[in-house]
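Chain by chain, the residues:
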Amino acid sequence: MSLEDPRDLFSLTGRVAVVTGASSGLGRSFAAALAGAGARVVLAARRQEQLLQLAQGIEADGGEALAAACDVSQEADVEQLVGDTLERFGRIDVLVNNAGITRVVPVERDTAEGFEQVMDINLRGVFLCCQRVGRVMLENSTGSIINVASVFGLVAAGQIPQASYAASKGAVVSMTREIAAQWARRGVRVNAIAPGWFESEMTGDMFQDKRSMSWLRARTPMGRAGRHEELVGALVFLASDASSFVTGQTLAVDGGWTIV
Ligand SMILES: NC(=O)c1ccc[n+]([C@@H]2O[C@H](COP(=O)([O-])OP(=O)(O)OC[C@H]3O[C@@H](n4cnc5c(N)ncnc54)[C@H](OP(=O)(O)O)[C@@H]3O)[C@@H](O)[C@H]2O)c1
């Protein structure tokens, strides 16, 4: 590690990073950024075509990428993802648990099935990926896991009612701390990012709606939504040796949403 050239701390050259939910939105940007920082990336999600397209783009830019169809809520798929990654790259250094869905409905009108579907992907999926990838990292005594939570794992949404989503993200924040504590002496760090508002398939309707956007701007201390590239600093920091003494934390990247 170099005090003279701190940029070395952020390098991911030679590392292998798995990104779930890489077929669209933030996951796509995360995968591209990790590849840009030197990592070989594994792109996981259900829509294979989008993954292949992204993998081609990364390889055209001189990187290495593997597209892996995977439903994170299915144990067999996650096993396959780990197996395919080891077969192609032989190791896993970074895992970004980004796959997620939301469900905007007032709690009094919600259904148990809807609640379970959100939990299956947002919580069970994160648990399974942490566990299966974590086993590989523990064997190598090194690794960094980054769970993508949400500001709604930290504070309530209310006007955009999503109890199941908020519950799943709150649980991700808590599980991040717990797994981090369990693995802290074994070389594997676990942290979370809690994004505020960013445009994606998930938030597309909201970004098209003028009233919602003026509410968002009024409610956010910085007065605007985030840009995807504004998550990259936190991502690369947590993925790399720059954060070697940081574990169990949730870093909000939210323009100040959670400070007021
Ligand atoms: N955008 C925001 O403002 C915001 C704010 C806070 C937190 N987040 C979080 O950021 C993450 C990414 O969301 P996004 O905004 O980028 O939304 P998005 O564009 O809808 O992306 C969601 C991704 O998750 C994947 N996914 C969904 N279910 C899956 C499953 N069962 N197995 C594997 N992959 C699955 C989707 O791919 P397939 O459909 O191809 O499987 C897609 O790639 C989510 O965890 C979300 O909660 C977003």
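Since we're looking at a predicted model, the values are computed, not measured.

Caption draft 1: Structural context of the pairing of strand β2 (residues 40–45). The element β2 is largely enclosed, with a buried count of 6 among its 6 residues. Along β2, one buried face is formed by R40, V42 and A44 and the opposite face, lined by V41, L43 and A45, is buried too. Bridge analysis of strand β1 (residues 16–20) against β2 gives 5 bridges, and the strand direction is parallel. Of the residues in β2, the one forming a bridge with V16 is R40. For the segment spanning β1, helix α1 (residues 25–36) and β2, crossover handedness is right-handed. Where β2 lies against strand β3 (residues 65–69), 5 bridges are found, and the strand directions are parallel. When the sheet's bridge partners are listed, A45 is paired in β3 with A69. Handedness of the crossover joining β2 and β3 through helix α2 (residues 48–60) is recorded here as right-handed.

Caption draft 2: Layout of the sheet that holds β2. Strands sit in the order β3-β2-β1-β4-β5-β6-β7 across an open sheet of 7 strands; the sheet is parallel. A strand with exactly one partner marks an edge of an open sheet, and here the two such strands are β3 and β7 (250–253). Across the sheet, the mean angle from the axis of one strand to that of its neighbour is 20°, orientation sign disregarded. When strand β4 (residues 94–97) meets strand β5 (residues 143–148), the two strands line up parallel, connected through 4 bridges. Bridged to L95 within β5 is I145.

Caption draft 3: The arrangement of the site of the ligand in detail. Neighbouring residues of the ligand: 29 residues in total, closest G21, G25, R46, G100 and S200. Mapped by element, the contributors of at least two residues to the shell around the ligand are α1 and α4 (112–140). In the shell around the ligand, the residues fall into 12 nonpolar, 13 polar and 4 charged.

Caption draft 4: How the structure looks around helix α8 (residues 232–239). All buried positions along α8 are accounted for by L235, V236, L238 and A239. Along the long axis of α8, the arc covered by the buried residues comes to 165°, so they all point the same way.

Procedures and definitions
Residues numbered from 1 in each chain as written. Predicted model: local features only at pLDDT ≥ 70, side-chain atom pairs only at ≥ 80, totals over all residues. Buried ≥ 20, exposed ≤ 12 C-beta atoms within 10 Å, placed from the backbone. Helix = DSSP H or I, 4+ residues; strand = E, 2+ residues; numbered from the N terminus. Pairing = 2+ DSSP bridges. Right-handed = clockwise from strand over helix to strand, strands pointing away. Axes fitted to C-alpha atoms, helices over the stretch in contact; angles between N-to-C directions. Near = placed C-beta within 6 Å. Nonpolar A, V, L, I, M, F, W, Y, C, P; charged D, E, K, R; others polar. Arc of directions from axis to C-beta.

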